[in-house]
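# Geometric and topological summary
If you want the building blocks of each chain, they are given just below.
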Amino acid sequence: MTLIARAAAPAGRALSSNTARYTLHSHSHSRIPKLTRAYSKMLQGCVLKDAFLKNDTPSIGVWQTLPGQNVSRILARAGVDWVMVDCEHGNIDDAAMHEAVPAIASCGVSPLVRLPDMQGWMIKRALDAGAHGILIPLLRSVEEAEKIVGAAKFPPQGQRGLGSPFAMERFNPVPTMTEYLQQANDSLLTMVQIETQEALDAVEEIAAIPGIDVLFIGPFDLGNNIGHPILDGVMEPELEQAMDRILEATNKAGKKCGFFATSGEQAKKYADKGFHMISAALDTTLLQASLGLSLSAARGQQAPKAGGRY
């Protein structure tokens, strides 16, 4: 069983059916699920949003840090709901992001983009590429969260400009530009990372902001910023308590909470704790770990500890 499957299968997820549920590469209406009232004004093919609406969680995804459409497709076809294209710490620039998003969407999986910063033009570029959601790192205040929502939403909820010829093609059936304009605000996910002391102190207020859909925990930066860094993979009780507070605030506000795990086993642990969205693997780490196993076996050496460098 793969690392991703180990994370999701015990939680009752049928990963092999994922790509069959939403076939973005096919325009056959017979394969589109019957819509409920909640879906009637939604862009179709937003797999992660659909999982949230159906309470089909935890939703398991993976992280992409290496550029290339083939990398995107390999990850998207692994049996996940979403792939996070990492423009913050990954080796992915604007052009590579514009290639990754359609490649992921073509596999029937939600393309998400983590941006380097919360600047409005960055949010616009990711959504105009057709991302089903954006993730903003290092949030520090309620005011910043409100500005992020404003940049991600069309008027009257925000100030996002309309004009991309690409965004509509990441959904199935492909909407008209008018349909995209009318449905994007309710369909696309606005996600923020709670990983600073300031954001932790205001987490209840941030979770309550209309338009914020997901509070995502980056445990490494959160630990660093609250004075309890993760060292040699060990989380101190104070960090665990901070993450419990974020999850509680998210649930109280009726929102979703995400977590960045470094292994399938850790992903399963936080799925059992009630997190709604979990990254179970990172492409670079998987490559490092797989190479280590193969080379050790070839040399007759003991296999290295799984998990790569995280």
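Preceding this paragraph is the structure being described.
Residues numbered from 1 in each chain as written. Predicted model: local features only at pLDDT ≥ 70, side-chain atom pairs only at ≥ 80, totals over all residues. Heavy atoms only, no water.

This part takes up the sheet that holds strand β3 (residues 110-114). Ordered by their spatial adjacency, 8 strands build a closed barrel running β1-β2-β3-β4-β5-β6-β7-β8, and the pairing between neighbours is parallel. Direction aside, the axes of adjacent strands within the sheet are offset by 25 degrees on average. Pairing geometry for strand β2 (residues 82-86) and β3, over 5 bridges, is parallel. Looking across to β3, one finds that Trp82 is bridged to Ser110. Across the face of the sheet, helix α5 (residues 94-105) comes into contact with β1 (59-64), β2 and β3 while running at roughly 155 degrees to β3. (Pairing = 2+ DSSP bridges. Helix = DSSP H or I, 4+ residues; strand = E, 2+ residues; numbered from the N terminus. Axes fitted to C-alpha atoms, helices over the stretch in contact; angles between N-to-C directions. Contact = heavy atoms within 4.5 Å.)

Another aspect to go through is the pattern of salt bridges. One pass over the full model with this rule turns up 11 salt bridges. Residues Arg114 and Glu88 are paired through a salt bridge, measuring 3.2 Å at the closest nitrogen-oxygen approach. Within this pair, whereas Arg114 is found in strand β3, its partner Glu88 is found in the loop between β2 and α5, the two being separated by 26 residues in sequence. Neither residue differs from the other here; Arg114 and Glu88 are each classed as buried. For Glu169, the salt bridge identified is with Arg170, shortest N-O distance 3.7 Å. Salt bridges sharing common partners tie together Glu240, Asp244, Lys269 and Lys273. (Salt bridge = Lys/Arg side-chain N within 4 Å of Asp/Glu carboxyl O. Buried < 20%, exposed > 50% of the residue type's maximum accessible area, 1.4 Å probe, protein only.)

Spacing of three or four residues puts side chains on the same side of an α-helix, whose turn is 3.6 residues. Of all the positions in helix α8 (residues 177-187), only Tyr180, Gln183, Ala184, Asn185 and Ser187 are classed as buried. Along its buried surface, α8 packs onto α3 (47-53), α6 (120-128), α7 (142-152) and β5 (189-194).

With that out of the way, let us pick up the packing of aromatic side chains. For any pair of aromatic rings, the description rests on two quantities: the centre-to-centre distance and the angle between the ring planes. For the structure on display, the rule yields 8 aromatic pairs. With a centroid separation of 6.1 Å and an interplanar angle of 50 degrees, the aromatic rings of Phe171 and Tyr180 are classed as tilted. By relative accessible area, which is 1% here, Tyr180 ends up buried. Their ring planes at 70 degrees and their centres at 5.6 Å tell us that Tyr270 and Phe275 sit as a pair that is edge-to-face. Overall, the relative accessible area of 2% leaves Phe275 in the buried class. An aromatic cluster is built from Trp63, Trp82, Phe216 and Phe260, whose rings are joined through pairwise contacts. (Phe/Tyr/Trp six-rings, centres within 6.5 Å; stacked < 30°, edge-to-face > 60°.)

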